[in-house]
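The residues making up each chain are set out below.
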Amino acid sequence: MKHAYFLSPSGPGAGLTTVALGVARALQRRGVSVAFFKPIAQPHPDDDERERSDVYAEVALNQPRSESMTLEEAEVYYRQGRVQELMERVIALYDRATEGFDVVILEGLVTHEGDHAAARLNEAMARTLGADVILVDPFCEYDLQTVQERLHSAGEVYGGLTSERVVGYILN
């Protein structure tokens, strides 16, 4: 049975893609059969239509591009209250992308101030896929008090930093 880790940012600028791919590559170098997967694509505004995480995964992990749902499609499901259907799609995509792997590194959606939908979607994906959660925060940009507040805030959607679901955090 495969084990999944869901990397979730404390906010924008956390370096989520870099950290997620770095963790996956480190495990790969140790001989772990690891897949990287971003269930819902969130292309950067400066990019073409491809999710940059998939492009980097092709290079860093020599992993073929996996199919992700578009953010626009996921938002429609969410706005219409069809979260269960959305999660069924996520499961189907996850199963195809991670078949044959022992460990999966999942990259969540980047959250923005006041964007509760992305945080709720991250929580739903992590829960649905049975993934342990690792929070990622851009440590060097903030004082320690602010980092603590950011991590506590990001962890609330998963039941708090002491929840069994949150297994740790990475200060990037």
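For the structure itself, consult the block above.
So, here is what we can say about the structure in this document. Remember, predicted model here, so these are calculated numbers, not experimental data.

## A look at the overall build of the protein
Phase 1 of the analysis: Across its full length, the protein carries six helices and seven strands.
Phase 2 of the analysis: Along the protein, from the amino end to the carboxyl end, the secondary structure elements read β-α-β-β-α-β-α-α-β-α-β-α-β.
Phase 3 of the analysis: For 172 residues, the compact-globule estimate of 2.2 N^0.38 gives 16 Å, and the protein sits close to it at 15 Å.
Phase 4 of the analysis: Within the protein, buried positions represent 44% of all 172 residues.
Phase 5 of the analysis: A fraction of 76% describes how many contacts in the protein between residues 6 or more apart in sequence connect residues 24 or more apart.

## Overview of the side chain of Ser-163
Phase 1 of the analysis: Turning to its location among the elements, Ser-163 is positioned in the loop between α6 (144-156) and β7 (166-171).
Phase 2 of the analysis: Polar side-chain contacts of Ser-163 include one of 3.2 Å to the backbone oxygen of Tyr-158.

## Let's talk about helix α2 (residues 52-61)
Helical geometry: 3.6 residues make up each α-helical turn, so side chains three or four residues apart lie on a common side.
Phase 1 of the analysis: Among the residues of α2, Ser-53, Asp-54, Ala-57 and Leu-61 are the ones counted as buried. Seen from one end, α2 has its buried residues packed into an arc of 95°, which puts them on one side.
Phase 2 of the analysis: One or two steps after α2, the chain reaches Asn-62, where phi turns positive at roughly 55°.

## A short note on the packing of helix α4 (residues 83-98) against helix α5 (residues 116-128)
Phase 1 of the analysis: Contact geometry of α4 with α5 gives a least axis separation of 10 Å together with a crossing angle of 55°. It follows from the interaxial angle that α4 and α5 lie oblique. Note that α4 runs across α5; the crossing there is right-handed. Residues Val-83, Leu-86, Met-87, Val-90 and Ile-91 of α4 form the contact with α5, whose participating residues are Leu-121, Ala-124, Met-125 and Thr-128.
Phase 2 of the analysis: Broken down by class, the residue content of the contact of α4 with α5 amounts to eight nonpolar, one polar and no charged.

## Let's talk about the packing of helix α1 (residues 16-29) against α2
For any two helices packed against each other, one specifies the crossing angle of their axes together with the interaxial distance.
Phase 1 of the analysis: As a packed pair, α1 and α2 sit with axes 10 Å apart at the nearest point and diverge in direction by 25°. Accordingly, the angle class assigned to the pair α1 and α2 is roughly parallel. Every pair of crossing elements has a handedness; the one defined by α1 and α2 is right-handed. Together, Thr-17, Leu-21, Ala-24, Arg-25 and Gln-28 of α1 and Ser-53, Tyr-56, Ala-57, Ala-60 and Leu-61 of α2 make up the contact between the two elements.
Phase 2 of the analysis: Of the residues in the contact of α1 with α2, the class split is six nonpolar, three polar and one charged.

## Focus: the sheet that holds strand β6 (residues 132-137)
Phase 1 of the analysis: Here we have five strands laid out as an open sheet, ordered β2-β5-β1-β6-β7, and parallel in their pairing. Only two strands of the sheet have a single neighbouring strand rather than two, namely β2 (34-37) and β7. Sheet twist, expressed as the mean angle between neighbouring strand axes with direction ignored, is 20°.
Phase 2 of the analysis: Bridging between strand β1 (residues 3-9) and strand β5 (residues 103-107) involves five bridges; their strand directions are parallel. Bridging across to β5, Tyr-5 finds its partner in Ile-105.
Phase 3 of the analysis: Packing against the sheet, α1 makes contact with β1, β2, β5, β6 and β7, and its axis sits at approximately 170° to β5.
Phase 4 of the analysis: α6 contacts β1, β6 and β7 of the sheet and is inclined by roughly 145° relative to β6.

## Re a nonpolar patch on the surface
Phase 1 of the analysis: Nonpolar side chains collect at one region of the surface, where Phe-139, Leu-144, Tyr-169 and Leu-171 lie side by side and expose about 400 Å² of accessible area between them.
Phase 2 of the analysis: On the basis of relative accessible area, Tyr-169 is assigned to the partly exposed category, the value being 47%.

## Thoughts on the pattern of salt bridges
Phase 1 of the analysis: Applying the stated rule across the entire model yields seven salt bridges.
Phase 2 of the analysis: Across the pair Arg-82 and Glu-85 runs a salt bridge whose closest N-O atoms are separated by 3.1 Å.
Phase 3 of the analysis: Note on Glu-85: relative accessible area 38%, which makes it partly exposed.
Phase 4 of the analysis: Between Asp-137 and Arg-150 there is a salt bridge, with its nearest N and O atoms 2.7 Å apart. On the criterion of sequence distance, the pair formed by Asp-137 in strand β6 and Arg-150 in helix α6 is long-range, its members being 13 residues apart. This pair shows no difference in class: Asp-137 is buried, exactly as Arg-150 is.
Phase 5 of the analysis: The network of salt bridges with shared partners includes Glu-123, Arg-127 and Arg-165.

About the criteria used
Residues numbered from 1 in each chain as written. Predicted model: local features only at pLDDT ≥ 70, side-chain atom pairs only at ≥ 80, totals over all residues. Heavy atoms only, no water. Helix = DSSP H or I, 4+ residues; strand = E, 2+ residues; numbered from the N terminus. Rg over C-alpha atoms; globule rule 2.2 N^0.38 Å. Buried < 20%, exposed > 50% of the residue type's maximum accessible area, 1.4 Å probe, protein only. Contact = heavy atoms within 4.5 Å. Polar contact = N/O pair within 3.5 Å; in protein donor to acceptor, adjacent residues only side chain to side chain. Arc of directions from axis to C-beta. Axes fitted to C-alpha atoms, helices over the stretch in contact; angles between N-to-C directions. Parallel < 35°, antiparallel > 145°, perpendicular 65-115°, else oblique. Left-handed = near helix turned anticlockwise from the far one by under 90°. Nonpolar A, V, L, I, M, F, W, Y, C, P; charged D, E, K, R; others polar. Pairing = 2+ DSSP bridges. Patch = residues over 30% accessible without salt bridge, like charges linked within 9 Å, V, L, I, M, F, W, Y side chains within 5 Å. Areas by Shrake-Rupley, 256 points an atom, 1.4 Å probe, with all protein chains shown as cover. Salt bridge = Lys/Arg side-chain N within 4 Å of Asp/Glu carboxyl O.

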